[in-house]
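# Architecture and fold: a report
Residues per chain are reported as follows:
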Number of protein chains: 2
Amino acid sequence: MTERANRRELADLETARTTIAELGLGSEATAVPLDDAQGRTLAAAVSADIDVPGFDRAAMDGYAVRANDTVGAGEASPLELAVAGELHAGQPPEAAVGEGDAVEIATGAVMPEGADAVVVVERTSRDGDRVAVRDTVTPGENVLPAGADVAVGDFALSAGTRLTPRTIGLLSALGESSVPVRGRPEVAVVSTGDELVPADEPLDHDAGQIHDVNTPAIMAAVAAAGGEAVRFDSVGDDREALADALSRAAETADLVLTSGSTSAGSTDVLATLVEEREDTELLLHGVDIQPGKPTVVGRIAGTPYVGLPGYPVSALSVFRVLVAPAIRAATGVPAPAMETDAELATRVRHEGGRYRLVPVGLVADGDGRTLAYPVDKGSGATTSLAYADGVVTVAATTNYVPSGERVTVELFDDEARPPALLCVGDRDPVVSSALSGVERVRYLARGTQAGEQWLADGIPDVAVVAGDPEDGTALAAWDREWGLALGPNADLSGLDALIDGDATVVNAAPGTGLRAAFDDALAALGEERGRANLRDAVDGYGVTAHGLDGPARRVKSGDADAAPALRPSAASLGLSFLPLGTQRLTVVALPDRREKDGVESLVAALDEVEKLPGYERVE
Amino acid sequence: MTERANRRELADLETARTTIAELGLGSEATAVPLDDAQGRTLAAAVSADIDVPGFDRAAMDGYAVRANDTVGAGEASPLELAVAGELHAGQPPEAAVGEGDAVEIATGAVMPEGADAVVVVERTSRDGDRVAVRDTVTPGENVLPAGADVAVGDFALSAGTRLTPRTIGLLSALGESSVPVRGRPEVAVVSTGDELVPADEPLDHDAGQIHDVNTPAIMAAVAAAGGEAVRFDSVGDDREALADALSRAAETADLVLTSGSTSAGSTDVLATLVEEREDTELLLHGVDIQPGKPTVVGRIAGTPYVGLPGYPVSALSVFRVLVAPAIRAATGVPAPAMETDAELATRVRHEGGRYRLVPVGLVADGDGRTLAYPVDKGSGATTSLAYADGVVTVAATTNYVPSGERVTVELFDDEARPPALLCVGDRDPVVSSALSGVERVRYLARGTQAGEQWLADGIPDVAVVAGDPEDGTALAAWDREWGLALGPNADLSGLDALIDGDATVVNAAPGTGLRAAFDDALAALGEERGRANLRDAVDGYGVTAHGLDGPARRVKSGDADAAPALRPSAASLGLSFLPLGTQRLTVVALPDRREKDGVESLVAALDEVEKLPGYERVE
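Criteria and cut-off values
- Residues numbered from 1 in each chain as written.
- Chains lettered and ligands numbered in written order.
- Predicted model: local features only at pLDDT ≥ 70, side-chain atom pairs only at ≥ 80, totals over all residues.
- Heavy atoms only, no water.
- Buried < 20%, exposed > 50% of the residue type's maximum accessible area, 1.4 Å probe, protein only.
- Helix = DSSP H or I, 4+ residues; strand = E, 2+ residues; numbered from the N terminus.
- Pairing = 2+ DSSP bridges.
- Contact = heavy atoms within 4.5 Å.
- Buried area = accessible area lost by both parts, 1.4 Å probe.
- Salt bridge = Lys/Arg side-chain N within 4 Å of Asp/Glu carboxyl O.
- Polar contact = N/O pair within 3.5 Å; in protein donor to acceptor, adjacent residues only side chain to side chain.
- Nonpolar A, V, L, I, M, F, W, Y, C, P; charged D, E, K, R; others polar.
- Least-squares fit on C-alpha atoms with pLDDT ≥ 70 in both.
- Domains from an automatic or database assignment.
- Phe/Tyr/Trp six-rings, centres within 6.5 Å; stacked < 30°, edge-to-face > 60°.
- Lys NZ or Arg CZ within 6 Å of the ring centre and 35° of its normal.

Below, the discussion takes up the pairing of strand 31 (residues 462–466) of chain A. Residues and elements named next belong to chain A. Of all five residues that make up strand 31, five are buried, and the element is covered over most of its length. Residues Val 462, Val 464 and Ala 466 point to one face of strand 31 and Ala 463 and Val 465 to the other, with burial holding for every one of them. Of the strand pairs in this sheet, strand 29 (residues 421–425) and strand 31 are connected by three bridges, and their pairing is parallel. Looking at the pairing, Cys 423 lines up with Val 462 of strand 31. When strand 31 meets strand 36 (residues 576–589), the two strands line up antiparallel, connected through five bridges. Residue Ala 463 lies in a different strand from strand 36, and its bridge partner there is Val 588.

Residue-level contacts link 107 residues of chain B with 108 residues of chain A. Counting each side, the surface lost to burial between chain B and chain A is near 8500 Å², with a carbon and sulfur contribution of 55%. The interface formed by chain B and chain A contains eight salt bridges. Between A:Asp35 and B:Arg231 there is a salt bridge, with the nearest N and O atoms lying 2.7 Å from each other. Across the chain B-chain A interface, the total number found is 32 residue pairs in polar contact (both at pLDDT 80 or more). Of all the elements in the fold, those that place two or more residues in the side of chain B that touches chain A are strand 11 (155–157), helix 2 (165–173), strand 15 (210–211), helix 3 (214–224), helix 7 (383–386), helix 8 (429–435) and strand 30 (441–444) of chain B. Broken down by element, the side of chain B that touches chain A gets its largest block of residues, eight residues, from helix 2 of chain B. Across the side of chain B that touches chain A, the residue classes tally to 51 nonpolar, 30 polar and 26 charged.

Our focus in this paragraph is the relation of the copies chain B and chain A. Once chain B is rotated about the relating axis by 180° and shifted along it by 0.0 Å, it coincides with chain A to within an RMSD of 0.1 Å. Those values place the two copies in the arrangement expected of a two-fold rotation axis. A share of 100% of interface residues in chain B that are also interface residues in chain A marks the association as one of identical surfaces.

This next bit is on the domain arrangement of chain A. The domains assigned to chain A are domain 1 (13–25 + 185–331), domain 2 (30–52 + 149–181), domain 3 (57–144), domain 4 (339–418) and domain 5 (476–590 + 598–618). Computed over C-alpha atoms only, the centres of domain 2 of chain A and domain 3 of chain A are separated by 35 Å.

Turning next to the packing of aromatic side chains. Tallying each qualifying case throughout the model produces six aromatic pairs over all chains. Measuring from ring centre to ring centre gives 5.2 Å for B:Tyr373 and B:Trp454, while their planes differ by 70°; the resulting arrangement is edge-to-face. Taken as a pair, B:Tyr373 in strand 25 (residues 370–374) and B:Trp454 in helix 9 (residues 448–456) lie far apart in primary sequence, 81 residues in all. Side by side, B:Tyr373 and B:Trp454 carry an identical accessibility label, which is buried. In this structure, A:Arg617 is placed above the aromatic ring of A:Trp478, and the distance from its NZ or CZ to the ring centre is 5.1 Å.

Structure representation (C-alpha cells):
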C-alpha cells in the first residue's frame, strides 16, 4: 500500500477516468494472420515490400500495341495491325510486339515487350489474324504501370489503422499474410456475492439466490471494447476467498474487474482488502456519479484493478463511462458513434448533488422525431438497463429537467436505436402472443394505469389497457373472462363466500387490469350490501404478487386459497376457476403512430392470433 | 435455366437490390450459449420462466422491520427495536421478525417473514442488541418484491433483438443460458483468375501474378455483415474448373459469391456458365452502376449466387451496395450509421449515363468541418478503396458536381472517420520514418506537384514538397542529396558523361521531386552547352518507374545503367552513387491545420527522426 486514498472525498468523473486511463491497460502487440485481422488495430506502420502491380499491366481488354502505330486511327479511319498472339492474365508474354503488330490482351495481363498502350476491344474489329483499330492511343494509355498503385518502400498504412475489408485487401495485395496488431488486454471478470448462481443452474429462492447477471454482461462489454474477457467463477463474500480470487486473477490478467456483491459493506470489504494488502495499491475509492459511487481503482500485485459496484445497472454504467474508454484506447476500437438528439417525453427530477446518468428509452414519433423517456426501475432492476437505449446526463447542480426539453442521449452502443414498436400497459396473454410475431418490440408491462398515463404523455406507440380508453385509436379489443383461481381447499361458490368465509387471498398488483376488475366486483357487491368498503373483509387483500399469473401461482404454492386470475392462467396452473365476470381489454395506438411499420405488424399479428379460452374478440 | 435474362439491358440499382434480397439468404435459427451470444439476433421472443427477483429482496443495507413499528420515528424521535439477527445476501432467513424486532439486513438478502420494509442503515444507530431507528417507513419501502423486475410469463425480449451486454444481462437474470438466435448464412467466397496467388506465396511478376485481394477482403466484408465466410481456393479461368468449383460451393453454402477474373470476357464465362447449365438460373446480368456493371445474379443448384466483378474496388462496391444489405437482413446486423455531411474539396466530373459511386477520402479542416475529396486511381487500384472513407453517389443525369458543394458521404463502415493526419506529396524516407511514429495517418505519395496542387486546393493537412513552397506553414525542411545510382557497368564521372556516352537511364515519374531535380540539372547543363533540351540526349529519359527507389531498382535488376536516386536509396540497394546536388525538401502545413493533434504529432516526430546520410536539416 503506497498511498492512502481519502475515502470520504469522492473523485469527480474526470479524475476517475484519468486514474483508470493511467493504469496502463495495454498488452503487447502480436502478429495475426490476415484472415483474423478484421477489427484489429495495426500496431506498427506497414510499408510496401513489393510493387503493386508488380508489372506493367493491361488495364482494359483489347489489343496491346505500339502507340506510335495507331497515330491517325479513328472511327472513320481504321488502321490494320497483324495479330501476333493472345495474352491472358496470369500468363507470361511469349513474344515481343513488333512494329505493326498487335497482341490480343486481357485486363490484368502483362504488357508484352514492345507494346506501350492498349486499344480497348470496343474500338477494334478482328478479322482472322488482322485487327482494325479505330482509336489513336498515347503511350501508357490503358496500362497500369508497375508500382503505380503502390511502389516498393511506400508508406502504406499507419500505426493505429483499424483493419476493415478495404485495408485487409490492400495488405493482401502487398503480400502481408500476417500483420502486427495491438494485443487484446486480458480482462479477468470476477463477480462477488454468496447469492450468485450461473444462468444454467437452478435457483434456491428461499436462500435468496439470483442468477449472476454481471459476469456475462461485463464479459460481453469487455469484448465489445476489444478486450479478451476471462471468466472467473463468482466468489462469496468470504474475505479469504476474495483475496485468493483477486491474487489468481491478477497473476494472469492485464486488468482485474470485480463487481461487488450486494451484501452489506461489500465494496468496503474489497477496498479494505486492496488497501491493506502488502502487494496492492488503492488509488481511488468512490466516484461522484450516480449510479456508480462505490467504485474502487487500484493495483493488485502490479495489475490494474477496478472494483465495480454490484448492481448490474451501476456496474455496467461505471464500466461504460470509465473502463471501456481505457480498453478501447488500448485496443484502438473507436468509441461507438454515441449520441443522438431527442426530446424529453417526461420531466426528470434529480435530487442533485451528484453527476447523474439517467437511463432512457427511445421511441420514434409519427413525424420520425426521437423521444426519450426515463426508464428507471432502480439500479437493482435488470430491466432498467435492458429496456434503455442510452443515458441522459444530468449535472450535479441541476434539480429538474422539464418535459419537452431537447436533450443529448449518449447511446449505449451502435446497436441502440428506437424499437420498431413500443408497447406499454397491462399484461395479457393474447397480446404477448401477438407480439411474439413482431420484430424489435419493447413491451413494458407496467399495468393499465401506466399504459393510460404514458399514452396521455404521448410516449408509447401502443398501450394495452383494461376498459374502453377515450384517447387513441383502438386497434383491437377483447372481452376476457376473469375470476378467482382456487386452491384445493377453497370451495368458493362466489364472491360472497370469499367475503363471508375465512379463505385467504393474494391480490394482483395495484394499477393492473386484474386488480381493477377485482375492486370493481367488490364495490358492486358492497353496493348490494350497502357497505362502502368490502376490501377489509378480504383476508390478504393487501398482499400482492407481480405478474399476470403471480397471484394464482401463490395459490398454487399454497400461500393462499384464492387469487384474481384470467381463465387461461388458472387452467395452465391446474387450478379450478370461479368466473366472476368479463373485462374489456383494448389495444390502442397513439393516432400519429398508427402508420408506423411496427404498429401495422402488430395489427396484422392481432388479427392472426389464436383465441384463448374465455376470450371474445370485440369488433 | 428457367429464364433467359436480357444481356443488353442493365438492371437499375433498386431492381438488383430486390432481386438479391429475394434470393432468400436466411439460414436456420440456432441455439448458442449465452457467452457466445454477443452481436447475435434473437430468432424468437423470450418470455420469463422465473420471477426476477425470485423473492422479496432488501433493496438497501439496513434493518428489516415491520413498517408499523416505525410509525413516529424520526431524526429527533428515534424508536428502539430489538436486533433479532443478521441476514446476508444468499442466506436463508432463520427467524421471522416479530413485533418490535429488527433484523440487520444486506442489500439483496431475502426479506424475513414478518418484515415488510427496510430502514436504511444511515437512519439507524446500533447499540449491542438494540437499534435506534430514525425514520418512519411504509410497507414495501426499500424492498424489491418478487417479480417486480420481471415476472413469470412476462414478454421479456422480442424476436429481432440484437444481443448486447445489457440484454445478455437480462437473459442471464432469467436463467437463459442458451438462446435461440438467427443463423449466420454460410457464404462461399470464390475468386477466379489464373493470375491470383494467396498473400503468403511469392509472386512471379513475369507471369503477371498478383496477390489475391478479393478473397480476404470479401471474407472480411461478409463477416462484418454477420455472415460466415468460407474460403475457397481461387480457380483459374478454365471453364470446367469454374463449373466444378461453383458446384462444390453451392452444395454446402447458403450463398455463393464469386469475383470474376480480370481476363477477357471472364464475367461472360460465368454468366454463360450459369445460363447454360441445367441446374442453374440466371436472374440478372449487368447492373446500371459504376463501378460494378458486370454483376451476375442467379441460382446454382438452388443456392443463391452473386458474381461480383473482378476489380477489388468494383467487387467491394457491389458487395456493399447489393449483397451486404441482404446478409444483414438475414442476420439482423444493423446497417452501420452510414452517413456524414461534407464539403466537396474539388469538383467531380462524371461522364454520366450510369449511377456512379465516387470513392472519397475525408479530412477535418481547422474548424472541425469535414471535407471530402475524390480518391480515384481507378477500379484496378487497391488504394482507391483503402484510402477512401466512403462514397458520394452521383446520379446518372449529373455531369458535374462543383467544388464547395455540400454532399452526403455514405461511409464504408462504422470505423470510417477522417484520419488524424492527411499528408500528400513527394516520397521521402525521412518523412516516412517520422510518419511511422504517428497514429492514423494517410500518406498519399502522389509527388511534389500533386502536393502543391492539393495544398492550393486546401485539402491535406500537410504537404511534402521539393523546394521552398510559398504557401503554408513550414514545419521542417532538409537539404537532401540526390544523384545517379549506377549499375556495375556504368562508370560515369558526371552528367556530361551520361549525355555524351551510351549509358541508359530509367527516370523518376513526372511530378516527383527527383524528376524535377534531374530536369533542373539537365537544364543547367544545357544552358552551359547552349543547347535548350538535353533530355533527348538521355537514353531512356522517357522510361519511368514508380516509387522513390523504383528507378534505382531497375538499375539494380540490370534494366538500365543509371537512375536518379537519393543517396540512401543507392546505399540500401548496394549501388554506387554519383552525387549531382542537393534538393530542398519541405514539410508544410495548411495554416488552419497547424494546431491539429496529428500535425503536432508529426512535428514532434520530425524533430526526433533519425538523420539519414546525405540529409541536412535546415532551420
